[in-house]
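Summary of structural features
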Amino acid sequence: MAHQAHAYHMVDPSPWPLTGAVAALLLTSGLAIWFHFHSTILLTLGLVLLLLTMYQWWRDIVREGTFQGHHTPPVQKGLRFGMILFITSEVFFFLGFFWAFYHSSLAPTPELGGCWPPTGITTLDPFEVPLLNTAVLLASGVTVTWAHHSIMEGERKQAIHSLTLTILLGFYFTFLQAMEYYEAPFTIADGVYGATFFVATGFHGLHVIIGSTFLAVCLLRQIQYHFTSEHHFGFEAAAWYWHFVDVVWLFLYISIYWWGS
Amino acid sequence: MAARLLLRSAVRAAATCRAAPVPALTRGMAAGGIPTDEEQATGMEKKIMDAMKEGKDPYSMLKPKSYAGSKADPHLVPSITNKRIVGCVCEEDNTAVIWFWLHEGEAQRCPSCGSHYKLVAHELPH
């Protein structure tokens, strides 16, 4: 079957990198067209193409790894490094927004009243919904670890239950945060406070949704017997990402919600 | 008649060699419901897994063994054909690598440091 003398995976030619690049072009140009000419056609096309690309590219990876056995130990090692590097890049992404927050809040300008929170801003009580959100995400970190151990120990039912619980907790966080956004007494347009608050927590919320989706895909794969007790890197990657999302929230909570209130 | 049949089946039952009871499966689908690599690995992953179990490394995943490089203990260079390129780093941290073709047959020596290299056939599973 294989005529290679190495354990690596030389992938077959694929159209998805091209469709992904075209989607990127449509999304960026579409954004500009929407801003200036009020038309959303390019943006919509770009979004559809992006979703199709992601679905088909990742479906192909599942086929190559789980169904065709191309994910040998060195290949898996490469995937691990890849995920670690990606999460590291996301850490730097959030670092930027924390930098913006601390820049503005450590030396508040006279326009804000020389104080933080700025004059006129009613902050959210950190010991109400934000504290509940913290508990929800911490609990989801426990349940995802429970799911991992269940998989390693060959316990199918427990793995499915704990993974489902993790995803439900993720949805609960998103729901609570959406309620908070709706009820908040300030908006993104309310000076640098509103800007730093909603951009930082907003991107975090987006990452919670991405993480929940990744975990949901893992749940479907686990139900369909893709994972073995030794080899389940897709799940591990999702769990790493989820822990990253949890840690970012902890920093957000301490910095913006608590210290910043 | 019935008694004879009963006796016959009793004798047969008594004479049956009872095979050792199947060991209770503690892992995999029969136990908790999650397959093991043993049960489900396929393709290249399975080939490598099976080879490693026998102590073999057909796809050169492990670090090459270290040899003295002398006439009595030459560097053994596995090859899937009858020649392979060797890059000799004569002394540690040397930046000039000495490249040469190693052919099957008698051991060859590095033109710079004189270490002995010998080509050995390497079987690829197929």
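Parameters at a glance
- Residues numbered from 1 in each chain as written.
- Chains lettered and ligands numbered in written order.
- Predicted model: local features only at pLDDT ≥ 70, side-chain atom pairs only at ≥ 80, totals over all residues.
- Heavy atoms only, no water.
- UniProt positions renumbered as here; feature names shortened; annotations may be inferred.
- Helix = DSSP H or I, 4+ residues; strand = E, 2+ residues; numbered from the N terminus.
- Buried < 20%, exposed > 50% of the residue type's maximum accessible area, 1.4 Å probe, protein only.
- Contact = heavy atoms within 4.5 Å.
- Areas by Shrake-Rupley, 256 points an atom, 1.4 Å probe, with all protein chains shown as cover.
- Buried area = accessible area lost by both parts, 1.4 Å probe.
- Salt bridge = Lys/Arg side-chain N within 4 Å of Asp/Glu carboxyl O.
- Polar contact = N/O pair within 3.5 Å; in protein donor to acceptor, adjacent residues only side chain to side chain.
- 1 Å grid on protein atoms, 1.4 Å probe; cavity = no way out; pocket = protein on both sides within 12 Å on 5 of 7 lines; lining within 4 Å.
- Points joined across faces, edges and corners; volume = space filled by probe spheres on them.
- Nonpolar A, V, L, I, M, F, W, Y, C, P; charged D, E, K, R; others polar.
- Pairing = 2+ DSSP bridges.
- Axes fitted to C-alpha atoms, helices over the stretch in contact; angles between N-to-C directions.
- Parallel < 35°, antiparallel > 145°, perpendicular 65-115°, else oblique.
- Left-handed = near helix turned anticlockwise from the far one by under 90°.

Per an unreviewed UniProt entry, chain B carries the name Cytochrome c oxidase subunit 5B and comes from Nibea albiflora.

As named in an unreviewed UniProt entry, chain A is Cytochrome c oxidase subunit 3, taken from Nibea albiflora. Looking at chain A in UniProt, the text filed under Catalytic activity (unreviewed entry) is "4 Fe(II)-[cytochrome c] + O2 + 8 H(+)(in) = 4 Fe(III)-[cytochrome c] + 2 H2O + 4 H(+)(out)". What the UniProt record of chain A gives under Subcellular location (unreviewed entry) is the line "Mitochondrion inner membrane".

Across its full length, chain B holds 3 helices and 5 strands. Classification of the 126 residues of chain B by burial places 26% in the buried group. Pairs at least 24 apart in sequence give 34% of the contacts found in chain B among residues at least 6 apart. Accessible surface computed for chain B: about 9300 Å², of which carbon and sulfur atoms make up 58%.

Quick look at unusual backbone geometry now. Residues and elements named next belong to chain A. Trp116 connects to Pro117 through a cis peptide bond whose omega is 0°. In this fold, Pro117 is placed in the loop between helix H3 (73–106) and helix H4 (129–152). A positive phi is found at His38, a non-glycine position, where the angle reads about 60°. Checked against the element boundaries, His38 lands in the loop between helix H1 (16–37) and helix H2 (41–67). Residue His38 is classed as exposed on the basis of its relative accessible area of 70%. Even without glycine at this site, Tyr225 takes up a positive phi of about 65°. By secondary structure assignment, the location of Tyr225 is in the loop between helix H6 (191–223) and helix H7 (233–259). We classify Tyr225 as partly exposed; its relative accessible area is 35%.

The next thing to look at is the interface of chain B and chain A. Listed as interface residues are 22 residues of chain B and, on the opposing side, 31 residues of chain A. Around 2000 Å² of area is buried between chain B and chain A when both sides are counted, 57% of it from carbon and sulfur atoms. Of all residues in chain B, the largest losses of buried area upon contact with chain A belong to B:Ile34, B:Met44 and B:Glu45, amounting jointly to 29% of the total for that side. The tally of links between chain B and chain A comes to 0 salt bridges. The tally of links between chain B and chain A comes to 9 residue pairs in polar contact (both at pLDDT 80 or more). Residue assignment for the side of chain B that touches chain A shows that the elements contributing at least two residues are helix H2 (37–40) and helix H3 (43–53) of chain B. The dominant element in the side of chain B that touches chain A, judged by the number of residues it contributes, is H3(B), at 5 residues.

Time to look at H3(B). Among the residues of H3(B), B:Gly43, B:Met44, B:Glu45, B:Ile48, B:Met49 and B:Ala51 are the ones counted as buried. Positive phi shows up at B:Gly55, right after H3(B), with a value of about 80°.

Before going further, it helps to spend a moment on empty space enclosed by the protein. All names here are of chain A. Under the criterion given, the structure shown has 1 cavity of 30 Å³ or more. Here the largest cavity is characterised by a volume of approximately 30 Å³. Thr123, Leu124, Phe186, Tyr193, Phe197, Ile256, Tyr257 and Ser261 together form the lining of the largest cavity. Taken together, the elements giving at least two residues each to the lining of the largest cavity come down to H6 and H7. Of the residues assigned to the lining of the largest cavity, the class counts are 6 nonpolar, 2 polar and no charged.

Turning to the pairing of strand S5 (residues 116–121) of chain B, a few remarks are in order. Residue and element names in this part refer to chain B. Bridge count between strand S1 (residues 75–79) and S5: 5 bridges; the pairing is parallel. Directly across from His75, in S5, lies its bridge partner Tyr117. Of the pairings in the sheet, the one linking strand S4 (residues 108–109) to S5 comprises 2 bridges and is antiparallel in character. Looking across to S5, one finds that Gln108 is bridged to Tyr117.

Attention shifts here to the packing of H4(A) against H7(A). Residues and elements named next belong to chain A. Between H4 and H7, the shortest axis-to-axis distance is 10 Å and the interhelical angle comes to 160°. In this view, H4 runs roughly antiparallel relative to H7, as classed from their interaxial angle. Between H4 and H7 lies a crossing whose hand is left-handed. Within the contact of H4 with H7, the residues separate by chemical class into 14 nonpolar, 7 polar and 2 charged.

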